[in-house]
Amino acid sequence: MNKFCLIIILLCITVKSYCYGFDYNGIHYTVLSDINNTVEVSSKTDVYGWSLYSGDIVIPEYVVDSSNKSYKVIAIGENAFRSATDLTSVSLPESIETIKKQSFYSTGKLEEILLNNVSFVGEEAFYGSGIKNLNIPSTVKTIEKDAFSCCLNLTEVTVNPSVGMTIFTHAFYKCNNLIVVKLNNEIVERDYTSSSDNIPSMFGQQVKTYIIGDEVTKIGNAAFTEALYLESIQFPNYLKSMGISCFQGCTSLKNVILPKGISTIPQRAFAQSGLESVIIPSSVMTIGDRAFQCSNLNDVTNLSIQPQKIDNYTFSVHRTLHVLPGYRDIYNKTNYWMNFNIVEDAEDNSSGIEKITDYSDGLNEFYNLSGQKLKQATGIVIIKTSNGSKKMLIK
């Protein structure tokens, strides 16, 4: 009998520890641990199962139960705000690290969410919500499948620098109006195997512009393969390398200016893409096999003074090649480059110098590159005029 009573007592303690809940300022909380004094936000519904949450909600970092015991809020529980159709805003404390499965499912009037210190976003967490812009902080480590799927008002996503972040395939599935993604993150530098597990598989094929931040120095293998609606890519200033097939099959990508600093354009980098023009910087020493197998590539600008070694399959068509003045002859004598119609009209503006000129105008002010005002100007300087400031080489 005593043994039986002991079992009952232990069961009661267990049930209380993991199922005990209470309301605080209109929000229901479920205790996760009586030892650590932690709770999660949980659902609150009427007799028909409809959510009772609406309007603007502020979740505090600490809450108190009826016995005046304090608990720390560390999670948004599964289905907590599911189908809260009149929920307009939720303010999360920095203590919340986990947003569980379907926690904000179908919250169409929720237009903004600040993830603050969140590290985990569960499956379908914001499925069908009204979020318009999303900033993913560096604290986030995992975004599960369909976490932001069918967010039809979502137009822009920013992913901040982070180490070890995982964004599952279809995390942003059917976000039909998501057209700009800003990536300053190591997910760009990872090597992928195909279009089934790469960046477009996370954010969707509909994205038109990817802006890659200066924290990124490498674009991984197949990173953007078959991003079918990608129209423009903003490369980081400090990009050093690109992976095999990184933009292969990007059929809407028409024009690319590669940044100075990369030394190799790898094999199939832009194969089967929609490229019509490309500018190859002077830093490029090697161009890989079938790198520009693009049937619409009409204009190639090569700023190198030494033609790179290529073969007959590097470019699928040989139309107009723009080179620096004085270098037409050397390209005309180099295998396969000679197949182009070569024009000496290229300009290398990679130094940032806008003009070379003679100056003796006392009406202008001159500064060195550190911002110090100069009495006399020679070399590369900043010139301040009535029309603004420019970097120039003064003779």
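What comes next is a walk through the structure. (Residues numbered from 1 in each chain as written. Predicted model: local features only at pLDDT ≥ 70, side-chain atom pairs only at ≥ 80, totals over all residues. Heavy atoms only, no water.)

### A short note on the overall build of the chain
Line of reasoning, step 1. Of regular secondary structure, the chain possesses three helices and 30 strands.
Line of reasoning, step 2. The long-range share in the chain, meaning contacts at least 24 apart out of those at least 6 apart in sequence, stands at 36%.
Line of reasoning, step 3. Carbon together with sulfur atoms contributes 49% to the accessible area of the chain, which is approximately 19800 Å² in total. (Helix = DSSP H or I, 4+ residues; strand = E, 2+ residues; numbered from the N terminus. Contact = heavy atoms within 4.5 Å. Areas by Shrake-Rupley, 256 points an atom, 1.4 Å probe, with all protein chains shown as cover.)

### So, the environment of threonine 98
Line of reasoning, step 1. Within the element layout of this structure, threonine 98 appears in strand S8 (residues 98-99).
Line of reasoning, step 2. Owing to a relative accessible area of 23%, threonine 98 belongs among the partly exposed residues under this scheme.
Line of reasoning, step 3. C-alpha of threonine 98 to C-alpha of valine 140: the two residues are 42 residues apart in sequence and 9.5 Å apart in space.
Line of reasoning, step 4. Non-local contacts of threonine 98, meaning those with residues more than four positions away in its chain, are made with Ile74, Ala75, Ile76 and Phe120. (Buried < 20%, exposed > 50% of the residue type's maximum accessible area, 1.4 Å probe, protein only.)

### Notes on the nonpolar core
Nonpolar side chains tend toward joint burial in soluble globular proteins.
Line of reasoning, step 1. If you look at the biggest cluster of nonpolar residues, it comprises 97 residues, and the most contacted ones within it are Ile59, Phe172, Phe203, Phe247 and Phe292.
Line of reasoning, step 2. Apart from residues no more than four positions distant in its own chain, phenylalanine 292 is found in contact with Ile265, Phe270, Leu275, Val278, Ile280, Ile287, Leu297, Thr314, Phe315 and Ser316. (Core = buried A, V, L, I, M, F, W, Y, C linked by side-chain atoms within 4.5 Å.)

### Section: the side chain of threonine 301
Line of reasoning, step 1. Secondary-structure assignment places threonine 301 in strand S23 (residues 299-302).
Line of reasoning, step 2. Those residues within four positions of threonine 301 in sequence are excluded, and the remaining contacts are Val278, Ile279, Ile280, His322 and Ala346.

### What about the sheet that holds strand S12 (residues 156-159)?
Line of reasoning, step 1. Reading across the sheet, the five strands line up as S10-S12-S14-S15-S17 and stay open at both edges, with parallel pairing between neighbours. Two strands bound the open sheet, and with one partner strand each, they are strand S10 (133-136) and strand S17 (232-234). Put simply, the sheet's adjacent strands are angled 10 degrees from each other on average, direction ignored.
Line of reasoning, step 2. Examined bridge by bridge, S12 and strand S14 (residues 180-183) share four bridges and lie parallel to one another. Within S14, the residue paired with valine 157 across the bridge is valine 181. (Pairing = 2+ DSSP bridges. Axes fitted to C-alpha atoms, helices over the stretch in contact; angles between N-to-C directions.)

### Topic: the sheet that holds strand S19 (residues 255-257)
Line of reasoning, step 1. The five strands are arranged S19-S21-S23-S24-S25 in an open sheet whose pairing can be described as parallel. Either end of the sheet is taken by a strand with one partner, and the two such strands are S19 and strand S25 (341-343). Averaged over all adjacent pairs, the angle separating strand axes in this sheet is 15 degrees, with direction ignored.

### Describing unusual backbone geometry
Line of reasoning, step 1. In this structure, cysteine 150 takes a positive phi of about 60 degrees despite not being glycine.
Line of reasoning, step 2. Among the structural elements, cysteine 150 can be located in the loop between strand S11 (142-143) and S12.
Line of reasoning, step 3. Positive phi outside glycine occurs at glutamate 226, with the angle close to 60 degrees.
Line of reasoning, step 4. Mapped onto the fold, glutamate 226 is located in the loop between strand S16 (218-219) and S17.
Line of reasoning, step 5. In this structure glutamate 226 comes out as partly exposed when scored by relative accessible area, which is 38%.

### Quick notes on the pairing of strand S6 (residues 70-76)
Line of reasoning, step 1. Strand direction decides the pairing type here: strand S3 (residues 38-42) and S6, joined by four bridges, are parallel. The residue bridging valine 41 from the neighbouring strand is isoleucine 76, located in S6.
Line of reasoning, step 2. Of the pairings in the sheet, the one linking strand S5 (residues 62-64) to S6 comprises three bridges and is antiparallel in character. Across the sheet, residue tyrosine 62 finds its bridge partner in S6, namely lysine 72.
Line of reasoning, step 3. Between the antiparallel neighbours S5 and S6 lie five residues, among them asparagine 68 with a positive phi of about 70 degrees.
Line of reasoning, step 4. Of the pairings in the sheet, the one linking S6 to S8 comprises two bridges and is parallel in character.

### A short note on the packing of aromatic side chains
Line of reasoning, step 1. Applying the stated rule across the entire model yields 20 aromatic pairs.
Line of reasoning, step 2. In textbook terms, an aromatic cluster arises when at least three aromatic residues are bridged by ring pairs, as seen for Tyr210, Phe224, Phe235, Phe247, Phe270, Phe292, Phe315, Tyr331, Trp337 and Phe340.
Line of reasoning, step 3. One residue, arginine 82, lies across the ring of tyrosine 105, its end atom 4.2 Å from the ring centre. (Phe/Tyr/Trp six-rings, centres within 6.5 Å; stacked < 30°, edge-to-face > 60°. Lys NZ or Arg CZ within 6 Å of the ring centre and 35° of its normal.)

### Some remarks on a negative patch on the surface
Line of reasoning, step 1. A cluster of acidic residues, Asp329, Glu344, Asp345 and Glu347, forms a negative patch on the protein surface.
Line of reasoning, step 2. Looking at the secondary structure, you find aspartate 345 in the loop between S25 and strand S26 (356-357). (Patch = residues over 30% accessible without salt bridge, like charges linked within 9 Å, V, L, I, M, F, W, Y side chains within 5 Å. Salt bridge = Lys/Arg side-chain N within 4 Å of Asp/Glu carboxyl O. Lys, Arg positive; Asp, Glu negative; His and termini not counted. Charge placed at Lys NZ, Arg CZ, Asp CG, Glu CD.)

### Concerning the environment of isoleucine 57
Line of reasoning, step 1. For isoleucine 57, the location among the structural elements is in strand S4 (residues 55-58).
Line of reasoning, step 2. Leaving out residues up to four positions away in the same chain, isoleucine 57 has contacts with Ile27, Phe81, Leu87, Ser89, Val90 and Ser91.

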